[in-house]
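Secondary and tertiary structure notes
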Amino acid sequence: MDEGSKRYTKVTTSHWGAFEVDIENDRIVATRPFAADPRPSTIPGALPKALNHKTRVARPAIRKGWLDKRDRTQRGADSFVELPWDEALDIAAVEISRVRETHGNEAIYGGSYGWASAGRFHHAQSQVHRFLNCIGGYVSSFGSYSTGCAQSIMPHVFGTDFMSMLYEHQDGWQTIHDHAETLVMFGGINPKNAQVSMGGITEHDTGVWLDRCLAKGIACINVGPQRTDAPDGCAWLAIRPSSDTALMLALAFVLETEDLADKDFLDRCTTGYDKFRPYLLGETDGQPKSPDWAAPLCGVNADQIHDLARRMATTSTMITVAWSIQRAQHGEQPYWMSAVLAAMIGQIGLPGCGIGYGFGAIGGVGKRFKSLRGMTFPQLHNPVDKVIPVARMADMLRNPGQPYDFNGKRENYPDIRLVYWAGGNPFHHHQDLNELHQAWQIPETIIVNEPYWTATTKRADIVFPTTTPYEREDIGRSNLDDYLFHMPQCVSRVGDARDDYDIFAGLADRMDVAATFTEGRSASEWIDLLYQSYRMKAAENGIDVPDLTTLRRDNWVRLPITDDQPNRSLFAPFRENPKTAPLGTPSGKIEVFSKTIAGFGYDDCIGHPVWLPPDEWLGAATAKAPLHMVSPQPKDKLHSQLESALADEPGARPETIVIHPRDALTRGIANGDLVKVFNKRGACRAKAAISNGIYPSVVALPTGAWFSDPNANIDLDGNPNVLTRDVGTSRLGQGCSAHTALVEVVKL
Ligand SMILES: Nc1nc2c(c(=O)[nH]1)N[C@H]1C(S)=C(S)[C@@H](COP(=O)(O)OP(=O)(O)OC[C@H]3O[C@@H](n4cnc5c(=O)[nH]c(N)nc54)[C@H](O)[C@@H]3O)O[C@H]1N2
Ligand SMILES: Nc1nc2c(c(=O)[nH]1)N[C@H]1C(S)=C(S)[C@@H](COP(=O)(O)OP(=O)(O)OC[C@H]3O[C@@H](n4cnc5c(=O)[nH]c(N)nc54)[C@H](O)[C@@H]3O)O[C@H]1N2
Ligand SMILES: [Mo]
């Protein structure tokens, strides 16, 4: 990219939004907010340092032990040998072919979970999946770490795909603002998290909407362990982590016993309330789920529960539930119970009221646009039909051929010999990293495409250095946004990095499937093609999208996709007439009791929502592990991305852990002290931040720090996943349960 030494500016987009980049001498030297963004993210600030950081992978590299003697015991401890591209691709192609021929495509795990980077064509998952499909398929994964549990349970309750319900059918912020009087936010709504969205978010307005709701006098109540999960001005009902189901049951109990439940809605629009009611009242188990019962479990007083229930029943109420709450053992229960609670209030289907999920989890939830999908690099057909729940990955590696339960089915784990990862960092995102480190030694070969020497890259056998979006041309577009971007190549490729597309084209060529993988097109020809068909589809829907030459020239455009019915409400037609607009559940109604789930016979997820205490929470605290650790998303970055540049800042690492003054005092910890956070699974360092904005006995350590040297018995930078548990949410959801963890903290 030689534009001379003159400084010039471009606009690009990313998962954290659009921004301007200043380029000089083939380097990004500065970034600035996109002019139309009311609350821009600060994340791009790390780019100038990150792009050419010493942690970039410069050349293809093969782990020495693997190269010499196919060693599998030294992953993470070995050195690497750099090889020219041709040689490295030859070796990888021969190895992939060997595994296929010897063990079949069922021995290849290509789930490859991760956020990678924004951009429609160079989407790492689409690239790796298409390549693996060209060679006969791979074992894939279902769901996300974000919402895996909800994606399994909620279709049983509402009869619809959870993600499309969330992104396409929920009430918009304007509707909530105009109609709600009470906003009850389980797990809060945090503009810090709404900074990011898959594929980009241009106008960051979640915080703007919350400010407007507060200014209008809407009672905004944050229910959870941290005050900072919602903006200042919101009320805080501080509760213990993992106690939401107990609280919701007690709210439901008040509605039922004070004749506040909407009987008409329950009759018309739900099924199975008669099976749930005896449990709620304690007729089946002798324990009424009253506020007095819930108060000690949640750590609130019973009067507050009564007051909240009455307020929710007598005002226009929107309940929102953060994704974090289902990222915990038995995460199915609060999700299901929130739907039952909203059904009892009876406002589902009314504008701005009822129930919503993930407002604030990512930006764009609550924006209303006409749907305009497309520009997806086709992944082709996967002939292998083995799919594991995404967060059971280490379990799969450890237990080849062993049975596991998942959402009513019993399957056997495949016998994985080769893992291919592109665009994710499992040694950041997976739970119980010390155990993952062991499981990771089992496959015969691990191949990783990555721009950086992350903990995952360091544990690979074959590493292909990958470009970042600033080193290639792409198109930026998200269904939750109304902007369309040309993402220009800003700088030359760093080192010998190649695009994922080129890497897979090189492998495909060696494995005689180049014609299927590339269809004879270069990356820019693919971008042209995907763009043309997107534009044509838009035109069919009456939406004018500029041609690619114009978009290249203008860099970005705001699309005319304002929703015609911005006040549409989730399940409004169903509410009006459940007979003519039934839900997709077996009963056509909201399932308070599910025959399907009851039929699975799971003791960890029965036919209606129940209170099931997790194995680790404050109700089960021990002398050795007395504190509940939550591990929220980091405010200064997206997961582990750009972390190496951020970690360079003086004093930036280890990561900060929030601790209550009482807990700090009893441990002799002062603000800023270096501490050790530990439990039976592992230990990490962290820096104490003392705050009374956290529930006593709860600590919060954000994700994102890179997992350090496996030989150190303490993770140096503060990755909470050395402490989290690697168990599924239940046999039904099998989701990630990261928020369920007890720890101890001591001053170092
Ligand atoms: N304890 C705990 N753990 C959690 C969570 C939690 O709440 N608590 N949350 C979970 C959730 S919801 C998620 S989504 C995960 C996130 O986990 P991940 O999505 O795995 O995290 P990222 O750091 O975004 O990893 C993306 C990687 O892709 C690389 N990359 C970027 N662009 C490209 C590209 O073009 N090509 C290739 N090949 N690579 C690229 C980046 O450098 C980075 O290493 O973490 C999960 N882990
Ligand atoms: N800046 C930034 N934003 C991000 C991301 C990022 O990496 N960086 N990642 C994005 C991704 S991939 C996802 S999936 C979303 C995740 O969005 P969420 O899952 O909503 O967010 P988390 O940050 O995991 O958790 C939010 C809060 O939930 C609270 N909490 C934890 N356990 C409980 C509980 O049992 N009950 C209650 N009531 N509250 C609880 C914690 O105090 C925590 O701060 O965030 C997205 N946003
Ligand atoms: Mo996520």
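Look up a bit, the structure's there.
Since the structure is predicted, the reported quantities are computational estimates derived from the model, not experimental observations.

Pairing is antiparallel across the open sheet formed by 3 strands, whose spatial order is β1-β2-β3. With one partner strand each, in any of the chains shown, β1 (8–12) and β3 (27–33) form the two edges of the open sheet. The sheet shows a mean angle of 30° between the axes of neighbouring strands, taken without regard to direction. As judged from the 6 bridges shared by strand β2 (residues 19–24) and β3, these two strands associate in the antiparallel manner. The partner of Glu24 across the bridge, within β3, is Arg27.

Next up on the list: the packing of helix α9 (residues 244–257) against helix α11 (residues 273–281). When two helices pack together, their arrangement is given by the angle between their axes and by how far apart the axes lie. Two numbers describe how α9 lies on α11: the axes approach to 10 Å, and their chain directions differ by 105°. Accordingly, the angle class assigned to the pair α9 and α11 is roughly perpendicular. Between α9 and α11, the residues in contact are Leu249, Ala252, Phe253, Glu256 and Thr257 and Tyr273, Phe276, Arg277, Tyr279, Leu280 and Leu281, respectively. In terms of residue class, the contact of α9 with α11 is made up of 8 nonpolar, 1 polar and 2 charged.

With an omega of 5°, the peptide bond running from Arg653 to Pro654 counts as cis. Backbone geometry at Asn407 places phi at a positive 50°, although glycine is not the residue there. Among the structural elements, Asn407 can be located in the loop between β15 (403–406) and β16 (409–412).

Bringing the pattern of salt bridges into the picture now. Counted according to the given criterion, the structure contains 59 salt bridges. Residue Glu649 pairs with Lys49 through a salt bridge whose shortest N-O separation is 2.9 Å. Here Glu649 is found in the loop between α25 (643–648) and β25 (656–659), whereas its partner Lys49 is found in helix α1 (residues 47–50), with 600 residues between them in sequence. For Lys49, a relative accessible area of 41% gives the class partly exposed. With its nearest N and O atoms 2.9 Å apart, the salt bridge here joins Arg667 to Glu744. With Arg667 in the loop between α26 (661–666) and β26 (674–679) and Glu744 in strand β29 (residues 742–747), this pair connects stretches of sequence that are 77 residues apart. For the pair shown, Arg667 and Glu744 are each scored as buried. Here the salt bridges do not stand alone but share partners, grouping Arg7, Glu20, Asp22, Glu24 and Arg32 into one network.

So, how was this worked out
Residues numbered from 1 in each chain as written. Chains lettered and ligands numbered in written order. Predicted model: local features only at pLDDT ≥ 70, side-chain atom pairs only at ≥ 80, totals over all residues. Heavy atoms only, no water. Pairing = 2+ DSSP bridges. Helix = DSSP H or I, 4+ residues; strand = E, 2+ residues; numbered from the N terminus. Axes fitted to C-alpha atoms, helices over the stretch in contact; angles between N-to-C directions. Parallel < 35°, antiparallel > 145°, perpendicular 65-115°, else oblique. Contact = heavy atoms within 4.5 Å. Nonpolar A, V, L, I, M, F, W, Y, C, P; charged D, E, K, R; others polar. Salt bridge = Lys/Arg side-chain N within 4 Å of Asp/Glu carboxyl O. Buried < 20%, exposed > 50% of the residue type's maximum accessible area, 1.4 Å probe, protein only.

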